[in-house]
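Working through the structure, step by step
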Amino acid sequence: MIKLSELQDDVKVMDKSESVYDVKDVKNDLQYFKDTNKKFYTTTEYHAHIDAKDMLESAIDYEYENKMYEDWDEHILSDITDEDVKKIQAVLDNIFNRNKSQNIAYYQDEEIEVDYE
């Protein structure tokens, strides 16, 4: 188990309710957290990413299954070029990178040992 005192101040940690804190804030408000008897965990950061080719295939499959004629999907998929996929991927990447603070999630990892003394 890792100790809170061993973590850098800018590291993100979370509690069981999935609230995320900087280690610095936890250290500064240790008495408050002691009173609430919170447990903290290290985090893994995740940024969403959509693969353009997968997205196209999924959308084409949906359209084919719901509205289109036999083999329509194969004809459309054969018309998609690598250049088409690159252009769509660039747009998706631009959208997801535009506001990185909104495109983030944290997942709970290892429990942190907090010395409240």
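Everything in this summary refers to the structure shown in the same document. (Residues numbered from 1 in each chain as written. Predicted model: local features only at pLDDT ≥ 70, side-chain atom pairs only at ≥ 80, totals over all residues. Heavy atoms only, no water.)

Another point: the packing of aromatic side chains. Inspection of the entire model under this criterion finds five aromatic pairs. Where Tyr-21 meets Phe-33, the ring centres are 5.2 Å apart and the plane angle is 75 degrees; that geometry is what we call edge-to-face. One end of the pair, Tyr-21, is in strand E3 (residues 20–22); the other, Phe-33, is in helix H2 (residues 30–36), with 12 residues separating them in the sequence. (Phe/Tyr/Trp six-rings, centres within 6.5 Å; stacked < 30°, edge-to-face > 60°. Helix = DSSP H or I, 4+ residues; strand = E, 2+ residues; numbered from the N terminus.)

What follows concerns the pattern of salt bridges. Considering all chains together, one arrives at three salt bridges under this definition. The salt bridge involving Asp-9 is made with Lys-27; its shortest N-O contact spans 3.2 Å. One end of the pair, Asp-9, is in the loop between strand E1 (2–3) and strand E2 (12–15); the other, Lys-27, is in helix H1 (residues 23–28), with 18 residues separating them in the sequence. Asp-9 sits in the partly exposed class, given a relative accessible area of 39%. Here Lys-38 and Asp-15 are joined by a salt bridge, their closest N and O atoms 2.8 Å apart. One end of the pair, Lys-38, is in the loop between H2 and strand E4 (40–46); the other, Asp-15, is in strand E2, and 23 residues separate them in sequence. (Salt bridge = Lys/Arg side-chain N within 4 Å of Asp/Glu carboxyl O. Buried < 20%, exposed > 50% of the residue type's maximum accessible area, 1.4 Å probe, protein only.)

Another point: the nonpolar core. Counting residues in hydrophobic clusters, the biggest one holds 11 residues: Leu-4, Leu-7, Val-13, Tyr-21, Val-23, Val-26, Phe-33, Phe-40, Ile-112, Val-114 and Tyr-116. Ignoring any residue separated from it by four or fewer positions in sequence, one finds Phe-33 in contact with Tyr-21, Asp-25, Val-26, Lys-38, Phe-40 and Tyr-116. (Core = buried A, V, L, I, M, F, W, Y, C linked by side-chain atoms within 4.5 Å. Contact = heavy atoms within 4.5 Å.)

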